[in-house]
Amino acid sequence: MAEKAAPADDLPLSGITVVSIEQAVAAPFATRQLADLGARVIKVERPDGGDFARAYDTTVHGQSSYFVWLNRSKESVTLDLKSEEGRGILEELLCTADVFVQNLAPGAAARMGLGAEALAERFPSLIPCSVTGYGSSGPWADRKAYDLLVQCQTGLVSLTGSAREAARAGVSVADIAAGMYAYSGILTALFTRATRGTVRAVEVSLFEALAEWMGQPAYYTAYSGTQPPRVGTRHATIAPYGTYAAADGRDVLLSVQNEREWAALCERFLGAPALTDDPRFATGSARVRHRDEVDALVAERIALSDSAEVMKLLDTIGIANAPVNDVKQFLEHPVLSGRDRWRDVPVPGGETVKALIPPVDLAGTTPRMEAVPALGEHTERILAELGRTPARIDELRARGAV
């Protein structure tokens, strides 16, 4: 039976208020994770459409798959930040906030008086977090950056795909990386403020977040003189490590990580123990140099059996393996159902969706999994908290300030 979600005030970040002017993926991913742990996240959106990720698609009961993924458990307030009233309301929200997150266009936050230095003067206890494309300083500070642009700029695209054609990663890895680092940076800043009384601004760029993830190929290229090749579903620097077609047509991936596993594969799967000490294959580097020969041996053997038989035998001899699932098969994965990872989350319009609980299990804590907000759903309530009367709220709405 699924655990009942904990009240927000029982969660680790209860009492923390986050105000976020956010769009798309990176910043919303960071703040959603804060909301999962009990933070109150007030999402400031434009009255004329809000976060543009709302309109990326309409596949989830009329809502965007991106928006549903990234914005549960938040409160949406609409403010026209070009209006004096809208900016004034934002200032009031920041007065009682612990964290301010923004991923506005280059230079926009500074022009609005929302840069880290300006905020520090007015709100000395506020932790500002800025998510940028290429950093707030340096030669590319004014350039826009989107996920695929950054995949290209960091060289990731040159590593993915086949020898014939490069390919983007299938998910927004630059955005996700930046969102994860923003999240951990905010947690660190909150800890520092709580333990030392020191407020630190947080800045993360998509480019530098993904640059960190490029560490292994960067070192390999810098010290070998050549970058790892594009090898499709094979591993560029380990062999055998890739997919092979079984007799039933399904691809099976196997991975040999060390010489002990190579010996077991040769003796108990390939039926050729002499290959263990063959100079062409005796070490990991040798197997990579003779990858085509290694792959031919493995492929020939796997093609003799159905995928289920292949994986059962590999399991028996201790070789890591997996079928190549499509997304539907992933959604039905026995680990997700067997570990009770799915929860129902309401979305605008009265429907619910199945959502995965966060991957970090914190003992004694059940993460918050509340509704995805409609655009401006909480505007009246938040303005009432700030002392606005219903009549005053109607005036602000009539003028387009909220």
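Residues numbered from 1 in each chain as written. Predicted model: local features only at pLDDT ≥ 70, side-chain atom pairs only at ≥ 80, totals over all residues. Heavy atoms only, no water.

Peer 1: Pulling in residues and values, what's your account of the overall build of the protein chain?
Peer 2: Secondary structure summary: the protein chain contains 17 helices and 11 strands in total. The C-alpha extent of the protein chain, read off along each of the three principal axes, is 85 × 50 × 40 Å. Residue burial in the protein chain is summarised as follows: out of 402 residues, 46% are buried. Working note: accessible area of the protein chain is about 20400 Å², and carbon and sulfur atoms make up 55% of it. (Helix = DSSP H or I, 4+ residues; strand = E, 2+ residues; numbered from the N terminus. Buried < 20%, exposed > 50% of the residue type's maximum accessible area, 1.4 Å probe, protein only. Areas by Shrake-Rupley, 256 points an atom, 1.4 Å probe, with all protein chains shown as cover.)

Peer 1: Hey, could you go over the packing of aromatic side chains for me, with residue numbers and the actual values?
Peer 2: In total, this model carries seven aromatic pairs according to the counting rule given. Each ring, one from Phe 29 and one from Trp 69, has its centre 5.6 Å from the other, and the planes form 40 degrees; the classification is tilted. With Phe 29 in helix H1 (residues 26-36) and Trp 69 in helix H2 (residues 65-70), this residue pair connects regions lying 40 residues apart in the sequence. Judged by relative accessible area, Trp 69 falls into the partly exposed class, the value being 33%. On the basis of an interplanar angle of 25 degrees and a centroid distance of 6.4 Å, the ring pair of Tyr 219 and Tyr 223 is categorised as stacked. Note that Tyr 219 and Tyr 223 are positioned in helix H9 (residues 215-224) at a spacing of four residues, about one turn of the helix. As far as burial versus exposure is concerned, Tyr 219 and Tyr 223 are alike and both exposed. An aromatic cluster is built from Phe 52, Tyr 56 and Tyr 66, whose rings are joined through pairwise contacts. We note Arg 143 situated over the ring of Trp 140; from NZ or CZ to the ring centre the distance is 3.9 Å. (Phe/Tyr/Trp six-rings, centres within 6.5 Å; stacked < 30°, edge-to-face > 60°. Lys NZ or Arg CZ within 6 Å of the ring centre and 35° of its normal.)

Peer 1: Describe unusual backbone geometry, with residues and values.
Peer 2: If a residue is not glycine, its phi is most likely negative; likewise, a peptide bond is most likely trans. Residue Pro 240 is bonded to the preceding Ala 239 through a cis peptide linkage, with omega at -10 degrees. As for its placement among the helices and strands, Pro 240 is situated in the loop between H9 and strand S7 (241-245). Even without a glycine there, the phi angle at His 61 is positive, about 50 degrees. Residues other than glycine seldom take positive phi values, yet Asp 340 does so here, at roughly 55 degrees. Position of Asp 340 relative to the elements: it lies in the loop between helix H15 (334-338) and strand S10 (342-346).

Peer 1: So what's going on with the pairing of strand S11 (residues 352-356)? Which residues, and what values?
Peer 2: The alternating pattern of S11 places Val 353 and Ala 355 on a buried face, while none of Thr 352, Lys 354 and Leu 356, on the opposite face, is buried. What sits between the antiparallel neighbours S10 and S11 is a turn of five residues, in which Gly 349 has the positive phi angle 105 degrees. (Pairing = 2+ DSSP bridges.)

Peer 1: Tell me what's going on with the nonpolar core, and back it up with residues and numbers.
Peer 2: By size, the foremost hydrophobic cluster in this structure holds 37 residues, and its most contacted members are Val 18 and Val 131. Counting residues per element, the ones that place at least two in this core are H1, strand S4 (99-102), strand S5 (127-132), helix H7 (173-196), strand S6 (202-205) and helix H8 (206-213). Of all the elements, H7 adds the most residues to this core, at nine residues. Setting aside residues no more than four positions away along its own chain, Val 18 makes contact with Thr 31, Leu 34, Ala 39, Arg 40, Val 41, Ile 42, Val 99 and Val 101. If you look at the next biggest cluster of nonpolar residues, it comprises 24 residues, including Val 19, Leu 81, Ile 89 and Leu 114. (Core = buried A, V, L, I, M, F, W, Y, C linked by side-chain atoms within 4.5 Å. Contact = heavy atoms within 4.5 Å.)

Peer 1: Outline the pattern of salt bridges, listing residues and values.
Peer 2: Following the criterion strictly, the structure yields 28 salt bridges and no others. Note that Arg 122 is salt-bridged to Glu 91, the shortest N-O span being 2.8 Å. Here Glu 91 lies in helix H3 (residues 84-95) and Arg 122 lies in helix H5 (residues 116-122), a separation of 31 residues in the sequence. Through salt bridges with shared partners, one network takes in Glu 22, Lys 43, Asp 51 and Lys 74. (Salt bridge = Lys/Arg side-chain N within 4 Å of Asp/Glu carboxyl O.)

Peer 1: Could you give an account of the sheet that holds strand S8 (residues 251-255), naming the residues involved and the relevant values?
Peer 2: The antiparallel open sheet is built from three strands, whose spatial order is S7-S8-S9. Looking at which strands have only one partner, the edges of the open sheet turn out to be S7 and strand S9 (320-323). Neighbour-to-neighbour, the strand axes of the sheet open up by a mean angle of 25 degrees, direction not taken into account. Sheet topology note: the S7/S8 ladder contains five bridges and is antiparallel. For Tyr 244, the partnering residue across the bridge sits in S8 and is Val 252. Lying on the sheet, helix H13 (residues 307-317) is in contact with S8 and S9; it crosses S9 at an angle near 160 degrees. (Axes fitted to C-alpha atoms, helices over the stretch in contact; angles between N-to-C directions.)

Peer 1: With reference to specific residues and values, describe the packing of H7 against H8.
Peer 2: The geometry of H7 relative to H8 is characterised by a closest axis approach of 8 Å and an angle of 95 degrees between their N-to-C directions. In terms of axis orientation, H7 runs roughly perpendicular to H8. Residues Val 173, Ala 174, Asp 175, Ala 177, Ala 178 and Tyr 181 of H7 form the contact with H8, whose own contacting residues are Leu 206, Ala 209, Leu 210, Glu 212 and Trp 213. When its residues are assigned to classes, the contact of H7 with H8 shows nine nonpolar, no polar and two charged. (Parallel < 35°, antiparallel > 145°, perpendicular 65-115°, else oblique. Nonpolar A, V, L, I, M, F, W, Y, C, P; charged D, E, K, R; others polar.)

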